[in-house]
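Analysis of the macromolecular model
The chain contents come next:
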Amino acid sequence: MKNKNKNEREVVFWPGNIVVAEAAIAAGCRFFAGYPITPSSEIAHALSKRLPEVGGKFIQMEDEIAAMGALIGASLTGLKVFTATSGPGFSLKQENIGYASIIEAPCVIVNVMRGGPSTGLPTALGQSDVMQARWGTHGDRPVIALTPSYLDEVYSETIRAFNLAEMLRMPVFVLIDEVLGHLSERLEIPDPSEYELIDRPRPTVPPEEYIPYDSSQGDVPPMADYFTGYRWHTTGLNHDKTGFPTTDPKICQEEEERMERKVSSNLDKIISYDEFMTEDAEIGVVAFGSTARAAMVAVSDARDKGIKAGLLRPITLWPFPEEPARELGKKVKGIVVAEANLGQMIYEVERVAGCNGPVIGSNKVGGVPIYPGEILEKIEELV
Amino acid sequence: MSDHYEARFAAVGGQGILLAGDIIAVAAITFEGLYAVDSPTYTAQVRGGPTKVDVIIDSKRIEFTRTTAIDFMLCLAQHSWDRFGFDLKDNCIVLIDPSLVHKVDEERYRVYRLPIIEITKKKMRKMVYTSAVSLGAMAGLTSFLKHESIKKALRKKAPRGTEEPNMKAFDYGFNAARELLKT
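Here we take up the overall build of chain A. Helices and strands together make up the secondary structure of chain A, namely 13 helices and 16 strands. The globule rule puts the C-alpha radius of gyration for 383 residues at 21 Å, and the 21 Å found for chain A is close to it. When its C-alpha atoms are laid out on the principal axes, chain A stretches across 70 × 50 × 45 Å. Residue burial in chain A is summarised as follows: out of 383 residues, 59% are buried. When contacts within chain A are restricted to residue pairs at least 6 apart in sequence, long-range pairs at least 24 apart make up 76% of them. Total accessible area on chain A is roughly 14900 Å²; 52% of this is exposed by carbon and sulfur atoms. Considering chain A, the positive charge centre built from 37 side chains and the negative charge centre built from 54 side chains are found 2 Å apart.

Let's shift gears to the side chain of A:E157. Residues and elements named next belong to chain A. Here E157 shows up in helix α6 (residues 151-168). Judged by relative accessible area, which is 7%, E157 ranks as buried. Within the local environment of E157, its side chain forms a polar contact with the side chain of R160, the two groups lying 3.0 Å apart. Here E157 is in contact with L146, P148, V174 and I315, once residues within four sequence places are set aside.

A few words on empty space enclosed by the protein. Empty space among the atoms becomes visible once a probe the size of a water molecule is rolled across them. For the structure on display, the rule yields four cavities of 30 Å³ or more. Each pocket or cavity is described by its volume, and for the largest cavity that value is around 80 Å³. Every residue lining the largest cavity is listed: A:V179, A:S290, A:T291, A:R293, A:A294, A:P369, A:I370, B:E63, B:F64, B:T65 and B:R66. Sorting elements by how many residues they give to the lining of the largest cavity places helix α10 (residues 289-304) of chain A first, with four residues. Classifying every residue of the lining of the largest cavity gives five nonpolar, three polar and three charged. A:I102, A:E104, A:N238, A:H239, A:E255, A:R258 and A:M259 are the residues that line the second largest cavity. When residues of the lining of the second largest cavity are assigned to their parent elements, the largest contribution, three residues, is made by helix α8 (residues 249-264) of chain A. Of the residues that constitute the lining of the second largest cavity, the class distribution is two nonpolar, two polar and three charged.

This brings us to the sheet that holds strand β12 (residues 283-287) of chain A. All names here are of chain A. Read across the sheet, five strands follow the order β11-β13-β12-β15-β16 without closing on themselves; strand pairing throughout is mixed. Either end of the sheet is taken by a strand with one partner, and the two such strands are β11 (273-276) and β16 (359-363). For this sheet, the mean angle separating the axes of adjacent strands, direction not counted, is 20°. Strand contacts of α10: β11, β12, β13 (309-314) and β15 (335-339), with the helix running at about 165° to β13, the strand carrying the most contacts.

Here the focus is the pairing of strand β3 (residues 29-34) of chain A. Residues and elements named next belong to chain A. Burial of β3 is extensive: five of the six residues sit out of reach of the surface. Judged from the three bridges that link them, β3 and strand β5 (residues 80-85) form a sheet pairing that is parallel. Bridge assignment links F32 to a residue of β5, and that residue is F82. With helix α2 (residues 41-53) bridging β3 and its parallel neighbour strand β4 (residues 57-60), the resulting β-α-β unit is right-handed.

Moving on: the domain arrangement of chain A. Residue and element names in this part refer to chain A. In terms of domain boundaries, chain A breaks down into domain 1 (2-194) and domain 2 (274-382). When each unit is reduced to the centre of its C-alpha atoms, the spacing between domain 1 and domain 2 is 26 Å. Contacts between the two partners involve 29 residues from domain 1, matched on the other side by 24 residues from domain 2. The junction of domain 1 with domain 2 conceals about 2100 Å² of combined surface from both sides, 55% of it contributed by carbon and sulfur atoms.

The subject of this paragraph is the packing of α10(A) against helix α13 (residues 372-382) of chain A. Residues and elements named next belong to chain A. The contact between α10 and α13 brings their axes to 8 Å, and the two run at 55°. It follows that α10 is oblique to α13 by the angle criterion. The crossing of α10 and α13 is right-handed. Residues T291, A294, A295, V297, A298, D301 and A302 of α10 form the contact with α13, whose own contacting residues are P372, I375, L376 and I379.

Interface size, as often reported, equals the accessible area lost upon joining of the parts. With 24 residues of chain A at the interface, the matching set in chain B holds 23 residues. When chain A packs against chain B, close to 1900 Å² is buried across both sides, 59% of that on carbon and sulfur atoms. Here chain A is connected to chain B by one salt bridge. Here B:R61 ties to A:D152 by a salt bridge, and the two come within 3.7 Å at their closest N and O atoms.

Our focus in this paragraph is α2(A). All names here are of chain A. Taking 1.5 Å of rise per residue, the 13 residues of α2 would be expected to cover 18 Å, and the 19 Å separating its terminal C-alpha atoms lies within 8% of that figure. For α2, the principal kink sits at L47 and spans about 35°. I43, A44, A46, L47 and L51 are the residues of α2 that are buried. On its buried face, α2 is in contact with α1 (16-26), β3, β4, β5 and β6 (107-115). Directly after α2, the chain includes G55, whose backbone phi takes a positive value near 80°.

Cut-offs used in this document
- Residues numbered from 1 in each chain as written.
- Chains lettered and ligands numbered in written order.
- Predicted model: local features only at pLDDT ≥ 70, side-chain atom pairs only at ≥ 80, totals over all residues.
- Heavy atoms only, no water.
- Helix = DSSP H or I, 4+ residues; strand = E, 2+ residues; numbered from the N terminus.
- Rg over C-alpha atoms; globule rule 2.2 N^0.38 Å.
- Buried < 20%, exposed > 50% of the residue type's maximum accessible area, 1.4 Å probe, protein only.
- Contact = heavy atoms within 4.5 Å.
- Areas by Shrake-Rupley, 256 points an atom, 1.4 Å probe, with all protein chains shown as cover.
- Lys, Arg positive; Asp, Glu negative; His and termini not counted.
- Charge placed at Lys NZ, Arg CZ, Asp CG, Glu CD.
- Polar contact = N/O pair within 3.5 Å; in protein donor to acceptor, adjacent residues only side chain to side chain.
- 1 Å grid on protein atoms, 1.4 Å probe; cavity = no way out; pocket = protein on both sides within 12 Å on 5 of 7 lines; lining within 4 Å.
- Points joined across faces, edges and corners; volume = space filled by probe spheres on them.
- Nonpolar A, V, L, I, M, F, W, Y, C, P; charged D, E, K, R; others polar.
- Pairing = 2+ DSSP bridges.
- Axes fitted to C-alpha atoms, helices over the stretch in contact; angles between N-to-C directions.
- Right-handed = clockwise from strand over helix to strand, strands pointing away.
- Domains from an automatic or database assignment.
- Buried area = accessible area lost by both parts, 1.4 Å probe.
- Parallel < 35°, antiparallel > 145°, perpendicular 65-115°, else oblique.
- Left-handed = near helix turned anticlockwise from the far one by under 90°.
- Salt bridge = Lys/Arg side-chain N within 4 Å of Asp/Glu carboxyl O.
- Expected span 1.5 Å × (residues − 1).
- Bend = angle between axes of the 7 residues up to and from the residue.

Structure below.
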């Protein structure tokens with residue numbers, strides 16, 4: 001379904017997975033390598049047709065590990081790249097995500113979360129990869145994970161994921177879930193003039209003067225495309241600015257801190273969140289993704305009952321929006337953390353909110369979303 | 001809350017019923033200026049397994065996208081009813097094909113029996129029109145959306161070249177449902 005409305009924005013009715021695929025193309029993505037996995041498969045399916053149409057490449061690899069490897073290779077040639085997967089596939093990609101982190105290869109990984117550990121509930125909702133996104137790969141490295149709740153946000157956050165990946169030269173995750181992946185709702189596709197597309201910094205020096213990890217001009221070193229005359233060495237070993245391995249403790253420390261700083265010094269560009277009725281809130285609710293939509297209803301229903309509830313909805317889950325969580329913690333007498341898992345984001349809320357009252361979870365696994373009434377019950381518990 | 005409507009289409013994978021949900025949502029959005037969401041449910045097997053699609057229509061932006069009080073349900077398989085016959089309002093309109101669905105709760109729901117499969121087979125000679133016949137039947141039995149809106153959405157979503165047979169199939173379903181209401 002396509003229509004043009006009066007602002008010439010295209011109005012569509014697409015499932016979330018198709019929104020991801022189309023947003024990736026709009027963001028300039030021209031390479032996808034993946035291994036289909038429910039509930040993300042429609043993304044790969046759509047891109048197998050759409051990418052060749054725009055001059056891009058689609059490769060179905062033999063498994064998720066290889067797909068992540070292909071993604072890194074394609075990123076090194078200068079393309080904007082992404083893959084889509086779900087929980088178990090995300091686990092398989094983790095080793096190569098570590099590799100992408102240390103060589104600083106921009107890439108986007110969309111995880112359409114499903115239920116259960118292992119094969120679990122492939123066709124049902126889960127939000128259990130909160131901590132996998134943060135700590136899934138080995139070693140210290142910065143992490144960005146975006147968690148949109150609405151399909152127009154899925155579109156804009158997917159574009160933002162590519163921008164952040166390119167701007168900061170790092171893997172960026174978009175975490176949606178089965179509900180959002182398969183849900184269709186009306187959305188307006190923004191005109192390309194309405195958003196900015198960011199490309200990775202590229203060297204301005206001739207090839208013979210190129211130093212691959214030269215951070216003298218900033219924490220994000222210019223990145224040369226492979227096969228353009230610029231020679232550089234990539235390795236998963238800790239390396240110095242030449243790209244060759246080093247075990248020099250001082251250099252290793254400085255380089256890891258520099259990578260961490262790419263995120264910590266750009267929080268204003270990375271962190272995004274939404275608040276609903278938090279100004280005068282006495283009970284706080286924190287929820288992300290599709291669960292946040294149930295939380296919106298719960299907060300409205302609580303207000304109808306005279307309970308001053310307010311919702312903080314992280315759109316950037318990692319790094320966690322600490323400022324607004326702290327502000328919320330200061331003013332409320334208790335917080336409900338609603339998430340479709342057995343309690344993961346709640347650790348982060350407990351850590352940063354500094355709430356004097358209790359922080360309790362509204363949790364559900366088993367593939368069925370948390371209902372607004374269930375969150376409302378928890379809100380009422382805190383009154 | 002009269003501006004809120006929930007519909008469920010349940011069948012077995014391969015009958016093309018997921019498309020019916022899409023068409024209802026498009027009818028609401030494009031031709032009636034309402035908000036709508038649709039969410040299909042997949043089961044482990046795609047062909048032959050019970051499947052459904054839920055559509056929610058509202059005059060306001062829809063926050064919670066799961067059904068809670070279904071107004072209309074179409075069901076084309078007994079095991080789909082057994083699995084998905086929940087969340088229905090007490091007076092929910094339940095449309096079934098009596099050759100495929102034998103046992104539903106007659107006390108709680110307004111049950112209508114229409115030989116959708118037989119109509120499709122005899123009049124259209126191609127089972128791909130099951131969805132169109134079903135949508136026509138829904139339009140005949142319900143009034144939340146104008147039947148013209150559903151028909152227009154069907155035409156819009158029909159694969160190129162199949163618009164006319166789809167319109168015909170819709171009319172067969174619509175007329176059969178209207179006949180049923182007279183009896």
